[in-house]
Protein chains: 2
Amino acid sequence: MKSLSAQRAESSDEQQPPVRAEWLTTLLSTASVLLLLIAIADPARAAVRGSGDLALVIERATGSVQIVETTGNTMLARVEGLGDLSHASAVYSRDQRYAFVFGRDGGLSKVDMLEGTLAARVVQSGNSIGGAISQDGRLVAVSNYEPGGVKVFKADDLSLVADIPAEQANGQRSKVIGLVDAPGRRFVFSLWDAGEIWMADFSAGDQPTLQKFKDIGRNPYDALISPDGRYYIAGLFGEDGLALLDLWHPEKGVRRILPDYGKGEAKLPVYKMPHLEGWAVAGDRAFVPAVGRHEVLVIDMNSWQEVGRVAVHGQPVFVMGRPDGRQIWVNFAVPDNDTIQVIDAETLALVETLKPGKGVLHMEFEPRGEEVWVSVRDADRLQVYDTATFAVRAELPANKPSGIFMSARAARIGL
Amino acid sequence: MKSLSAQRAESSDEQQPPVRAEWLTTLLSTASVLLLLIAIADPARAAVRGSGDLALVIERATGSVQIVETTGNTMLARVEGLGDLSHASAVYSRDQRYAFVFGRDGGLSKVDMLEGTLAARVVQSGNSIGGAISQDGRLVAVSNYEPGGVKVFKADDLSLVADIPAEQANGQRSKVIGLVDAPGRRFVFSLWDAGEIWMADFSAGDQPTLQKFKDIGRNPYDALISPDGRYYIAGLFGEDGLALLDLWHPEKGVRRILPDYGKGEAKLPVYKMPHLEGWAVAGDRAFVPAVGRHEVLVIDMNSWQEVGRVAVHGQPVFVMGRPDGRQIWVNFAVPDNDTIQVIDAETLALVETLKPGKGVLHMEFEPRGEEVWVSVRDADRLQVYDTATFAVRAELPANKPSGIFMSARAARIGL
């Protein structure tokens, strides 16, 4: 093909109209190529791909998140500018395109998982601690420490829909923790200072009906909802036992279960209160991290009685069930946070002890359980294990990784 | 802004270079717009969108499928040329981009859910009846009637990986039914003619290890796997009861449960054998369609004993649990296939009777259960119900719709 300058030279002594025609043709061709290149390279036109195998990894030290995919186990993008991501968590839009990331600094960030961009961000309080997305995907709720309460936003544009100040009897606002979604466009959460559980029902529209359960116990510090969305259970920092609310029967009120739960904290220093959202359910048994003890408790979910204990390597932090319920994976508080142990859910035997490295902060199973992703903070690394053979399938660099959130959470109640 | 003709007129008596410049500018602008329009409209560049809220609807009479989305409840595309889709079903790639559709004519079609195209298609047997995708998403298996057996393909390109002829003792091939995936890259299926259950283990590579369970009962006609992938249960056409295999303990072999299941078929003509994949699990109870009776059976999954019966409007076909386990939805065989009934899973009371229209063939819940999609074949219509209020949220035209398969199945064991 001729170059543009050669064409110009050849045509320079011809009459005007052909010159113009060649100029036009050449320039239009060049423009076409440029426009096509722009269209292909345009970061606003990401490659078409499914979103079922995506995950978001919190990089707490740098205020960034990594977007990874779990089919080839590779990194796709890094998104920056999310603020203070210590203790950050994320939920997904129902189409899985967007992740909503809850930062410690009150920031609520909407990450476009397919474009690898920050689609929207609001700083909605001074200090927050997690959130949830409504069953229909239209509302995102954030639980706040400062000022205490819950704020609810449109998932679309993060515009404020409802503000629920968590006022106590004394007029002061309470810190709010353990916020989860429940079927019926409801959110349930606990008031640390007030010792209450509140249920906000948005089924009639964007202004909620509030139902308050008082005197549920001192200082609820975290909570979970069972995978079917029926049981809301709050851990109590200020006393022993757990507070249980049956959402099928809120009229029955909150009752105390496992009255000894938390006892024995004094025997060993508690390095970290365990995460209750880490409860693993296998069949009708739940596996629960003991507080301050080197034990995982086994609970019968019909009677809510303890039916067994498993001695483990350290103080458990997350106790996670493989999706088929056959294995329970456990990580630990300092000084044992370099270790993961695997319990057989049927025999309660320890079947594996892994040493991924210092600072194992989180584990997340791929949706059907064939692999598990592990954050190893101090090694700046993600490790992917085969859950059948315990072989390392992949290692990926990451900046001080903590929470890992797979897009399959979009289809799950309470996640 | 000036029009193109006005610009020409104004510049007609000026010297050449400015004229050429205006021409060029104008033409380039026009070209830009055209190219952008082409880029936007290019069917090979589908819009970037998440895949978490997609569903595929079988249109059996026309050999086509509809791709719909469940956030706005709209149709996105129709894909044609899938052959005989009577009794067709589908599974999803782990990234949810592709659906694998199993047609009755032995056709295995790979549908691109985002592009709305047929990505690949092979006719792999003369007559087939469903399939499954391996836990890691790499293998797609199809169960065949003619010739009997299972063929296993790479999900990537539908190239053949393994052929498992289901040979009986007499050297004849058996029809294969009830094919499901199980954790550990396994497929489990039943042999109609031979009365056997086979397990094909692909964990060591693409050539399976086969384990065969013989004398499991006469003519297994359908099967299911529990949501955790542990229990494989086959219905028996040739005798009463069900055959249960505990995949955590294959060494214990197959045992018979519910010995009276199927008895009473003679009391009423059986219009359609119920679908076993329709078993609904809520807590530790399973809800099971009775055979030939206007009843839904309630089974305790710990003891495998029948613990209750619910009288319903007709002979149940699908018995489906809302994802939170609170409601059980039931459709019926002719002549009652215009009706759906809803059972409260806790009280066993009938809470609703709906009349969507003649030919209610299938129901599929949105992943978190807020809505359910219903195929009404004879009305050529899909209906979307709010599961809390039972209001109709949307109606969409469809050509003789039957099965509805949501992309969230990608993340589930046994679906």
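Residues numbered from 1 in each chain as written. Chains lettered and ligands numbered in written order. Predicted model: local features only at pLDDT ≥ 70, side-chain atom pairs only at ≥ 80, totals over all residues. Heavy atoms only, no water.

### Considerations on the overall build of chain A
The secondary structure content of chain A amounts to two helices and 32 strands. Scored against the burial criterion, the 415 residues of chain A give a buried share of 57%. The long-range fraction of contacts in chain A, counting pairs at least 24 apart against all pairs at least 6 apart in sequence, stands at 42%. Accessible surface, chain A as shown: approximately 15900 Å² in total, 51% of it carbon and sulfur. (Helix = DSSP H or I, 4+ residues; strand = E, 2+ residues; numbered from the N terminus. Buried < 20%, exposed > 50% of the residue type's maximum accessible area, 1.4 Å probe, protein only. Contact = heavy atoms within 4.5 Å. Areas by Shrake-Rupley, 256 points an atom, 1.4 Å probe, with all protein chains shown as cover.)

### Let's talk about the packing of aromatic side chains
To describe a pair of aromatic rings, one takes the distance between the centres and the angle between the planes. Applying the stated rule across the entire model yields 16 aromatic pairs over all chains. Ring centres of Trp329(B) and Phe365(B) lie 5.9 Å apart, and the angle between their planes is 90°; on these two criteria the pair is classed as edge-to-face. Within this pair, whereas Trp329(B) is found in strand S25 (residues 327–332), its partner Phe365(B) is found in strand S28 (residues 360–365), the two being separated by 36 residues in sequence. A single burial state applies to Trp329(B) and to Phe365(B), both of which are buried. Note on Trp329(B) and Tyr385(B): the rings are 6.4 Å apart at their centroids and 55° apart in plane angle, and the pair reads as tilted. In this pair, Trp329(B) is assigned in strand S25 and Tyr385(B) in strand S30 (residues 381–386), connecting sequence segments 56 residues apart. The same class applies to Trp329(B) as to Tyr385(B), namely buried. Every member of this aromatic cluster is reached through a ring pair, and the members are Trp329(A), Phe365(A), Tyr385(A) and Phe390(A). We note Arg326(A) situated over the ring of Trp248(B); from NZ or CZ to the ring centre the distance is 4.6 Å. Lys212(B) extends its terminal NZ or CZ atom over the ring of Trp198(B), reaching a point 4.3 Å from the ring centre. (Phe/Tyr/Trp six-rings, centres within 6.5 Å; stacked < 30°, edge-to-face > 60°. Lys NZ or Arg CZ within 6 Å of the ring centre and 35° of its normal.)

### Structural notes on the confidence of the model for chain A
Residues and elements named next belong to chain A. Summary statistics for chain A give a mean pLDDT of 89 and a share of 87% for residues scoring 70 or more. The model gives residues 1–19 a pLDDT under 50, and that stretch makes eleven contacts with residues more than four places away or in other chains. Throughout residues 35–44 the model reports pLDDT below 50, and contacts reaching past four residues in sequence, or to other chains, amount to seven contacts. (pLDDT = per-residue confidence, 0-100.)

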